[in-house]
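Structural description and commentary
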Amino acid sequence: MTVADAMFPQAPEPAYVPKDLVIQARKGWIAIDWAEMFRYRELLYFLVWRDVKVRYKQTVLGFAWALLQPLMQSLIAVFIFGTAAGFQKLLPATVPYLLFALAGQIPWQFFSTGLGSGGMSLVNQQHLLTKIYFPRLFLPTGVVGGALVDLLISLSLLVIFMVAYHFSPTYHFTPTWKIVFVPLLIIPAAIATLGMAYALSAITVTYRDFRFLIPFMIQIWMQMSFVMFPRELLLKSPKLSHYEWLLAFNPMYGIIQAFRHFALNMDWNPNHLIIGSTVGVVLCVFGMFYFRKTERRFADIA
Amino acid sequence: MSKPIITAEGLGKAYQLGTKLDRNATLRDAIVHALRSPLKNLRSRIGEPTDEANTFWAIKDVSFEVNEGEVLGLVGRNGAGKSTLLKVLSRITEPTEGKATLRGRVASLLEVGTGFHPELTGRENIYLNGAILGMRKIEIDRKFDQIVEFAEVTKFLDTQVKRYSSGMYVRLAFAVAAHLEPEILIVDEVLAVGDANFQKKCLGKMGDVVKDGRTILFVSHNMDAVASLCSHTLLVQGGRVGERLTPDEGIKQYLALSNEGSQLPLKSKPRIQNKKRPPIFVGLNITGESGHPNVVECGGKVTFEIEVADCDDLKTGAMCGIAVTNDRGARIAFFHTLYHGGFTFKGSNHAKFTCTVPSLPLTPNGYFIELVMADGYGIIEKVERADRLDVVFADVLNTGKIPSNHQGYVVWPAEWEYSGEIEHTRDLAGVL
């Protein structure tokens, strides 16, 4: 330190330098304000945290519900499709139907929560929209973040049953090294889910019809993603297998297929994952911009 | 001098009435609309000028400046556009035209407890609400104890707020907001909550914020709060703002506005009723000894004659009250059939009350008379500004002087003694 420095200490940098905030009417598409979202990042954390905390409040089983929901859904699939319909024989000999169903149900639950709760996130929190300013994108993002926590919890279910079936004399299930890729699939799944949550939440503010449409959409989308039954059903028909590429435009189709490939070593078509993920990215970009475009009217029509 | 911290230039916010938004309010309408008139739809998408007749400008041509450290009070009647202006300035809704520049960190408080979640505990809500209001976690950590202490909820920190009494809820919510440290604070009517004690505390806290040199934009119907906090006022009327005024002048103009319609006969004056029914209070006569209607001398006798009608459905336990309120809405005196007359009564289709007050020792000022009809279950009808009452000077203290309305509400007689040497008595009165 020189003498001059000691004599004239520099004023400490202020922690927050206010930039002039200009409020005026904007037209057309509006850029996404990443800097602002970064400034508010802690709010996003608190919104996710609130979502997780509140969801299982006053329930006896608490977080166990995050496990029970996919488990019960999968058990239904086992009985209806695995046993009654006999689709078990379409699977490789080492893959029990329960693992197969879980590997579909777990990512699907994440996506469908994102669609359902995410789509309603703005309408359900109108009081926030009309009373305070914060980055609006955080509301659907927060809900998807909460669903992500559930997804991570429910992954443990898959691990438990994989271990259990490893010691089963009938299946003696053993995963391959590819299982390490499973967590990576969260990325395309989250992108597609966010995209749908943005677009649906924004459109629901204006058109409340979507309140009724969304559950219906989820139903159809689930069948189109082959969550409960194997794609081998489609492949064994030469006529239908010809059109499988159409399903690939549904991001969840490729993601669930890849999930089953990495976790259970079932056959897959990598192109479906690539096509689906690309569609997911497009959805996400479109969703974000559509959201930004309509967000300035939220407070007026909410 | 540096730039003003808030500059608004020609701000306007328009709402489409009826057609535009409603037209496509449901998906079906949007689809039908798009199919039926594709051209028109296209045109409206390119930005066809909107239908002027159906446009409602909640605010229009609003320009003003606020300098750092000023406390600007926005006063105006309900629906004048105050809240819309605050919403635009706090970025909740976008203006239709014009521009505002805010040079500093803004926090807005349009409602107490925004984002509170009933299922979460007090502790959890402090963090959530703080984050929604724009506080960093570190900041909340630092102020946590102060917030809890201010809200007086230490014992209930880990109780879900849905189990809180409404008073506790509001106290906690305000406490979080009060510990924000923005450069610009935008506040809407939040002081209209909580009990009197807590309101006082909130006003005190706002006063501290002012002393710290922060800028506040403040909407309230509480003229006492406006008078004690604000350094300037803006009168908002029909979506437009007037000149910057001193608080006293602003309040005066606002009150003049709210007195409009005082020429109406009592029968047609706005009133609050517990259910829809024909007016009960239909006539009021105020006579004093001054010889003018509605004018009484300080300390003089005043007689209220009230005519009531259409209330024979009040079978039992009815009560009638007359309140004298000052120009800021505070009640100064209350005369009641049960307290003063010692009776309750049965309603009637036509009856008359006479209430004689032997002495009304109020400081000279303009007052309002409020009439209330109630029974054991609550208020049946209330007319807040039934009539005016002007109290004029009278030498009740025999000194030629009485306190003015700035010094107090009532004039009490008192005896003064002094152990030293008394100079003059009446001679100096003119000088004082």
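The model shown is predicted, which means the values in this text are computed figures rather than measured ones.

**Points about the overall build of chain A**
- The helix and strand inventory of chain A stands at 14 helices and one strand.
- Over its C-alpha atoms, taken along the principal directions, chain A stretches across nearly 80 × 55 × 45 Å.
- The buried share of chain A, reckoned over its 302 residues, is 41%.
- In chain A, 81% of the contacts between residues at least 6 apart in sequence involve partners at least 24 apart.

**Structural notes on the overall build of chain B**
- Check the secondary structure of chain B and you find 10 helices and 18 strands.
- By residue count, 34% of the 432 residues in chain B fall in the buried class.

**A look at the nonpolar core**
Residue and element names in this part refer to chain B.
- With 149 residues, the main nonpolar core has Leu 217 and Phe 218 as its most contacted residues.
- Beyond its immediate stretch of four places on either side in the chain, Phe 218 contacts Val 71, Leu 72, Gly 73, Leu 74, Val 187, Leu 229 and Cys 230.
- Formed by 30 residues, the second largest nonpolar core is a distinct cluster that contains Val 302, Ala 318, Leu 362 and Ile 369.

**As for the interface of chain A and chain B**
- Each partner contributes to the interface: chain A provides 29 residues, whereas chain B provides 41 residues.
- Sorting the residues of the side of chain A that touches chain B by element identifies β1 (21-24), α3 (41-55), α6 (126-131) and α14 (270-301) of chain A as the ones contributing at least two each.
- No other element matches the six residues that α3 of chain A contributes to the side of chain A that touches chain B.
- Partitioned by chemical class, the residues of the side of chain A that touches chain B number 16 nonpolar, three polar and 10 charged.
- Here β1 of chain A runs beside strand β4 (residues 97-102) of chain B; their pairing, made up of four bridges, is antiparallel. Bridge assignment links Gln 24 of chain A to a residue of β4 of chain B, and that residue is Lys 99 of chain B.

**Quick look at the sheet that holds strand β2 (residues 55-66) of chain B**
- Across the sheet, which stays open at both edges, the four strands sit in the order β1(A)-β4(B)-β1(B)-β2(B) with antiparallel pairing between neighbours. Both outer strands of the open sheet, β1 of chain A together with β2 of chain B, are each paired with one neighbouring strand and no more. With strand direction ignored, the average angle separating the axes of adjacent strands in the sheet is 20 degrees.
- Here helix α4 (residues 82-89) of chain B sits on the sheet and contacts β1 of chain A together with β1 (6-16), β2 and β4 of chain B; the angle it forms with β2 of chain B, its principal contact strand, is near 65 degrees.

**Description of the sheet that holds strand β5 (residues 106-109) of chain B**
Residue and element names in this part refer to chain B.
- With respect to topology, six strands assemble into an open sheet ordered β5-β6-β7-β3-β8-β9, the strand pairing being mixed. Both edges of this open sheet fall to β5 and β9 (240-245), since each of them pairs with a single strand only. Taking the axes of each pair of neighbouring strands and ignoring which way they run, one obtains an average angle of 15 degrees across the sheet.
- Running at roughly 145 degrees to strand β7 (residues 215-219), α4 makes contact with β3 (71-75), β5, β6 (184-188), β7 and β8 (232-237) of the sheet.

**Considering the pairing of strand β15 (residues 331-336) of chain B**
All names here are of chain B.
- Bridge analysis of strand β14 (residues 319-325) against β15 gives five bridges, and the strand direction is antiparallel. In the sheet register, Val 324 faces β15, and the bridge partner there is Ala 333.
- A loop of five residues connects β14 with β15, the two strands running antiparallel in sequence, and Gly 329 in this loop sits at a positive phi of about 90 degrees.

**Considering unusual backbone geometry**
Residues and elements named next belong to chain B.
- At Asp 61, a residue that is not glycine, the phi angle is positive and equals roughly 50 degrees.
- The topology assignment puts Asp 61 in strand β2.
- Taking the C-beta count within 10 Å as the criterion, Asp 61 has 14 such neighbours and is therefore assigned partly exposed.
- Backbone geometry places Glu 152, a non-glycine residue, at a positive phi of 60 degrees.
- The residue Glu 152 is located in the loop between α6 (137-151) and α7 (166-178) in this model.

**A closer look at the confidence of the model for chain B**
Residue and element names in this part refer to chain B.
- On average, chain B scores 82 in pLDDT, and the residues at 70 or more come to 88%.
- Between residues 19-23, whose pLDDT stays under 50, and residues either more than four places distant or in other chains, the model counts eight contacts.
- pLDDT under 50 marks residues 45-49. Its contacts with residues more than four places away, or in other chains, come to one contact.
- This complex was scored by the predictor with a pTM of 0.73 and an ipTM of 0.83.

**What to know about the confidence of the model for chain A**
- Scored by pLDDT, chain A has a mean of 89; 94% of the residues are at 70 or more.
- Note that pLDDT drops below 50 for residues 1-17 of chain A; the model gives that stretch two contacts with residues more than four away or on any other chain.

**Details of α14 of chain A**
- With 32 residues, α14 of chain A should reach 46 Å at 1.5 Å per residue; the first-to-last C-alpha distance of 44 Å fits that figure.
- Along α14 of chain A, the sharpest change in direction is near 50 degrees and occurs at Glu 295 of chain A.
- Residues of α14 of chain A that are buried include every one of His 272, Leu 273, Gly 276, Ser 277, Val 279, Gly 280, Cys 284, Gly 287, Phe 291, Glu 295, Phe 298 and Ala 299 of chain A, and no others.
- Where α14 of chain A is buried, its residues meet α5 (97-124), α6, α8 (186-206) and α13 (251-264) of chain A together with α4 of chain B.

**Looking at the packing of α3 of chain A against helix α5 (residues 122-132) of chain B**
- Two elements in contact, α3 of chain A and α5 of chain B, have axes separated by 9 Å at closest approach and are oriented at 140 degrees. The orientation of α3 of chain A with respect to α5 of chain B, classified from their angle, is oblique. For α3 of chain A against α5 of chain B, the interelement crossing comes out left-handed. Here Glu 42, Leu 43, Phe 46, Arg 50 and Lys 53 of chain A of α3 of chain A lie close against α5 of chain B, whose contacting residues are Glu 124, Tyr 127, Leu 128, Ala 131 and Ile 132 of chain B.
- Split into classes, the residues belonging to the contact of α3 of chain A with α5 of chain B amount to six nonpolar, no polar and four charged.

Rules of the game
- Residues numbered from 1 in each chain as written.
- Chains lettered and ligands numbered in written order.
- Predicted model: local features only at pLDDT ≥ 70, side-chain atom pairs only at ≥ 80, totals over all residues.
- Helix = DSSP H or I, 4+ residues; strand = E, 2+ residues; numbered from the N terminus.
- Buried ≥ 20, exposed ≤ 12 C-beta atoms within 10 Å, placed from the backbone.
- Contact = placed C-beta atoms within 7 Å.
- Core = buried A, V, L, I, M, F, W, Y, C linked by C-beta atoms within 7 Å.
- Nonpolar A, V, L, I, M, F, W, Y, C, P; charged D, E, K, R; others polar.
- Pairing = 2+ DSSP bridges.
- Axes fitted to C-alpha atoms, helices over the stretch in contact; angles between N-to-C directions.
- pLDDT = per-residue confidence, 0-100.
- Expected span 1.5 Å × (residues − 1).
- Bend = angle between axes of the 7 residues up to and from the residue.
- Parallel < 35°, antiparallel > 145°, perpendicular 65-115°, else oblique.
- Left-handed = near helix turned anticlockwise from the far one by under 90°.

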